[in-house]
Amino acid sequence: MGTVQFLKIRNSESASLDAVGNYPIGDFTQSIIGAVKNGRRISSFFGVPEGEGLRLYIALANDKESVIEIASTFVKDSFPSLTVHIPSAHLFEREIYEQFGVLPEGHPWLKPVRFQNKIYDLKRHTLVNNPVECGEMNYFSVDGDEIHEVAVGPVHAGIIEPGHFRFQCFGELVLNLEISLGYQHRGIEWRLKGKPNSRTVQYMETVAGDTSIGHTLAYAQAIESLSNINGCSKTQTLRAIALELERLANHTGDLGALANDVGYLPTASYCGRLRGDFLNMTALLCGSRFGRGFIRPGGLMFDVSPDKVKELASRLKRTYKDVSGAVNLLWNTSSVRARFENAGFLTKQDCIDLGIVGVAARACGVEIDIRRDHPFGQYCFSQIPVSTHQSGNVFSRAYVRWLEIQRSVEFIEELLANIPEGNVKPATNLNLKKNSIAVSLVEGWRGEICHVVLTDTHGGIEHYKIVDSSFHNWSGLELAMKNQQISDFPLCNKSFNLSYCGYDL
Amino acid sequence: MIKVLIERIRQGKRTASIEKIKAGLPDVFRGYPEIDQSKCDARCKLCVEVCPTKAIWKEGNTIRLDLGKCLFCPECEQVCPTSCIHFTKDYRLATSKREDLLIGKKEIELAKDINEKTRKIFGHSLRLRQVSAGGCNACEADVNVLGTLVFDLGRFGIQFVASPRHSDGILVTGPVTQNMKLALEKTYKAVPEPKIVIAVGSCPISGGLFAHHNEVHRGLDNIIPVDLYIPGCPPHPITILDGLLRLIGRIK
């Protein structure tokens, strides 16, 4: 069997598509199994229609050498499933099957991903309607005298996005949780083909509305590498500040929500407000609390005056003091700790096998962080330490968030003290390189965000693949609920706090 | 326990008046867009071309803008060579009728309170069930914020409840995906009469960015009647609060 020569590029770099080797499926599969055994992670794995079949592209993250390894293979109706050997491939293969009908043979769990209403017909080369009823599938079920099933959603009790959760319970004990999503499916990816236009960046801002900065930054980096433009150093600094503010807002909000789910109201009330204070800092930069209308390829829509920098620094200092006070109450309250420490366990091995990313992975002691492993933009010059904790439970996920809050504040303070000069005006004309591929990774507040862009022979976007961190992590929540009390579900769910629309696209 | 009390004192009272929240809006905040028709060059169509949702069009020399489609992005304001369009800090955007969101020929007509009969049944209070139907979690998050102690929605007699059967109406976010339509309709049916429907964000008002996707329905009022439209992408919490208070007649 021949060996596969992976194309190696760095984060936010592009290369000619001709440099991506097209290997026979047998070699492709074997090499990937070998690579994943050697510590590579699947960042993206997707199909692109070609002739009468499908070209499968894989992007593996090599965290040790800070490179992304890319290879491809051509398949027609089916291919041997990787999932049997690499569990973290399971959802990618289900997605390929759902979108194109190409069968991963031997896949042990071939269920719908998001009940897409439009799928691609490889024979007719067009999108066709796919009449499906969202949520209708065969759920894993447990039989027995005292077993009961609990179905929750899509409409939940709180103000959150819709999803369906199916529990198999023995009394209070959850034997299995299966999560079925797709209710948020808006069909974004199909609409990104062609030249980037005024809509493209808006889609990025709404892939997952709570991660507008993260996804728009990933998009901007991919497009910049494909059009040979660079944001100035002021642009990079302000983007990093915005990304960390997004992290601060969401981590603070999550700690408050976790406190709420164990009935500890002081921290819940304080953090709810403090989250808003961070959002208002983002609004100070660009007018939108979610960072809408800020990042564009080549620059930013808003420059930030020295007065604003001063204002931001003083607000950050004040808010951080309040966050410290609010969050430290959690660690000093034994009833909170007891509830956090006895729920939602995930082992380090399961975490690695499933390809879990971000806070959830670092809370299992897995030391991965795109900001360090595949530095981008400002992170190439300013380092931010990786925060980990070992216990893999709700406490661990909460504590990693607190560690990251502290590091992000230090990081922003450092940047605010030294905002470089520069012209942040975005690029007006985007000419993408023809027949090329770019991969962009960003450490969003949940974890790794991966955008892969392929261009055609005219310099338009041929295929745009988005992988939100939630795509990797929902399986982690399913596993963390095994043998837990069903009443701990809200707590476990919040400790992951995953995106529904980022998964449903 | 003493630590909790000390922290409680240190954190202080944070619930703010509407005036105070309004004063805290940043200078780059994008609220109601003011259009200065006199400055517009009749031949120029830059704003029309740059708008991602075709919310802007021209009738002769008049610029028209549909707030129900507008994403409140800064593109048109920044592209206009004569500064005709300017987003003001005016956060009041909620209307009772869809057509009241069309501006350019006339100013926005802000929402009026629900009819006398319904208001007598509700009193001055409101219980709402929220349904996210394809929302990106930005509108959801900023509706959620109303429950925090800064906005303290409860003081106005408004509360979000867990079941549609306990509610006076539903507040919908998102463009109503095909996959959520059935669940939305069932939730709506479960609300006892008389019931009200509130659309928050450009998505449920017009389909927003996703209006031309077959995966979504073009606006909520194609499916169920809407009583209050709150535009924005997402609307600021104070915009949502203002709309709700107008609906129950606490702001006129």
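On a predicted model such as this, the values are computed, not experimentally measured, just so you know.

Within chain B, the regular secondary structure consists of nine helices and 10 strands. Radius of gyration (C-alpha) of chain B: 19 Å, near the 18 Å computed for a compact globule of 252 residues. Its C-alpha atoms give chain B principal-axis dimensions of roughly 65 × 45 × 35 Å. Within chain B, counting contacts between residues at least 6 apart in sequence, those at least 24 apart form 75% of the total. Accessible surface, chain B as shown: approximately 10600 Å² in total, 53% of it carbon and sulfur. Charged side chains in chain B number 37 positive and 28 negative. The centres of these two groups are separated by 5 Å.

Moving on, we get to the layout of surface pockets. Here the largest pocket is characterised by a volume of approximately 1500 Å³. Lining the largest pocket are 49 residues, with I159(A), A257(A), N260(A), K494(A) and N144(B) positioned closest to its centre. Within the residue set of the lining of the largest pocket, elements represented by two or more residues are α5 (233–261), α6 (265–286) and α14 (489–496) of chain A together with β6 (126–132), α6 (138–144) and β7 (158–160) of chain B. Element by element, the count of residues in the lining of the largest pocket is highest for α5(A), at seven residues. Here the lining of the largest pocket is composed, by residue class, of 24 nonpolar, 17 polar and eight charged. In this structure, the second largest pocket occupies an estimated 1000 Å³ of space. Lining the second largest pocket we find 45 residues, and of these G276(A), D277(A), N280(A), R315(A) and G24(B) sit closest to its centre. Elements that contribute at least two residues to the lining of the second largest pocket include exactly α6 and α7 (306–331) of chain A together with α2 (18–23) of chain B. It is α6(A) that provides the largest number of residues to the lining of the second largest pocket, a total of eight residues.

Here we take up α6(A). The first and last C-alpha atoms of α6(A) sit 32 Å apart over 22 residues, in line with the 32 Å expected at 1.5 Å per residue. For α6(A), the buried fraction is high: 17 of the 22 residues fall into the buried class.

Turning our eyes to something else, we now look at the pattern of salt bridges. Applying the stated rule across the entire model yields 48 salt bridges over all chains. Connected through shared salt-bridge partners, E244(A), R247(A), R362(A), D369(A), R371(A), E404(A) and E443(A) make up one network.

This next bit is on the packing of aromatic side chains. The geometry of two aromatic rings is summed up by the distance between their centres and the angle between their planes. All names here are of chain A. Scanning the entire structure with this criterion turns up 21 aromatic pairs over all chains. Measuring from ring centre to ring centre gives 5.0 Å for W474 and Y500, while their planes differ by 65 degrees; the resulting arrangement is edge-to-face. Taken as a pair, W474 in helix α13 (residues 469–480) and Y500 in the loop between α14 and α15 (501–504) lie far apart in primary sequence, 26 residues in all. Here W474 and Y500 have matching classes, each one buried. Ring pairs connect the aromatic residues F165, F167, W474, F489 and Y500, which therefore count as one cluster. Over the ring of W109 we find K111; its NZ or CZ atom is 4.1 Å from the centre of that ring. In this structure, R166 packs its charged tip against the face of Y139, placed 3.9 Å from the ring centre.

The next point concerns the interface of chain A and chain B. Listed as interface residues are 61 residues of chain A and, on the opposing side, 61 residues of chain B. By the criterion of area lost to chain B, the three top residues of chain A are I159(A), R186(A) and R273(A), representing 15% of everything that side buries. Seen at the junction of chain A and chain B, the total is six salt bridges. With a closest N to O distance of 3.0 Å, K308(A) and D27(B) form a salt bridge. Here the element with the most residues in the side of chain A that touches chain B is α6(A); it accounts for 11 residues. Its residues assigned to classes, the side of chain A that touches chain B comprises 27 nonpolar, 18 polar and 16 charged.

Residues and elements named next belong to chain B. Sheet architecture is open: three strands sit in the order β2-β3-β5, paired in antiparallel fashion. Sheet topology places β2 (56–59) and β5 (102–103) at the edges, where each strand pairs with a single neighbour. Note that β2 and strand β3 (residues 62–66) share four bridges and pair antiparallel. Paired with K58 across the strands is I63, a residue of β3.

Grouped together as the largest cluster of nonpolar side chains are 139 residues, with contacts concentrated most on F45(A), F294(A), F340(A) and I437(A). For this core, the leading source of residues is α5(A), giving 11 residues. Those residues in contact with I437(A), other than ones at most four positions away along the chain, are L7(A), E13(A), S14(A), A15(A), L17(A), V20(A), Y57(A), I70(A), L226(A), V452(A), V453(A) and L454(A). I56(B), I108(B), I170(B) and V191(B) belong to the second largest nonpolar core, which has 45 residues in total.

Residues and elements named next belong to chain A. Counting buried residues in strand β13 (residues 173–180) gives six out of eight residues, a clear majority hidden from the surface. Here strand β12 (residues 164–170) pairs with β13 via seven bridges, running antiparallel. Along β13, the bridge assignment pairs Q168 with N176. Counting the residues in the hairpin turn of β12 and β13 gives two residues, including G171, whose phi is positive at 65 degrees.

Procedures and definitions
Residues numbered from 1 in each chain as written. Chains lettered and ligands numbered in written order. Predicted model: local features only at pLDDT ≥ 70, side-chain atom pairs only at ≥ 80, totals over all residues. Heavy atoms only, no water. Helix = DSSP H or I, 4+ residues; strand = E, 2+ residues; numbered from the N terminus. Rg over C-alpha atoms; globule rule 2.2 N^0.38 Å. Contact = heavy atoms within 4.5 Å. Areas by Shrake-Rupley, 256 points an atom, 1.4 Å probe, with all protein chains shown as cover. Lys, Arg positive; Asp, Glu negative; His and termini not counted. Charge placed at Lys NZ, Arg CZ, Asp CG, Glu CD. 1 Å grid on protein atoms, 1.4 Å probe; cavity = no way out; pocket = protein on both sides within 12 Å on 5 of 7 lines; lining within 4 Å. Points joined across faces, edges and corners; volume = space filled by probe spheres on them. Nonpolar A, V, L, I, M, F, W, Y, C, P; charged D, E, K, R; others polar. Expected span 1.5 Å × (residues − 1). Buried < 20%, exposed > 50% of the residue type's maximum accessible area, 1.4 Å probe, protein only. Salt bridge = Lys/Arg side-chain N within 4 Å of Asp/Glu carboxyl O. Phe/Tyr/Trp six-rings, centres within 6.5 Å; stacked < 30°, edge-to-face > 60°. Lys NZ or Arg CZ within 6 Å of the ring centre and 35° of its normal. Buried area = accessible area lost by both parts, 1.4 Å probe. Pairing = 2+ DSSP bridges. Core = buried A, V, L, I, M, F, W, Y, C linked by side-chain atoms within 4.5 Å.

Taken by themselves, the reported measurements are silent on function.
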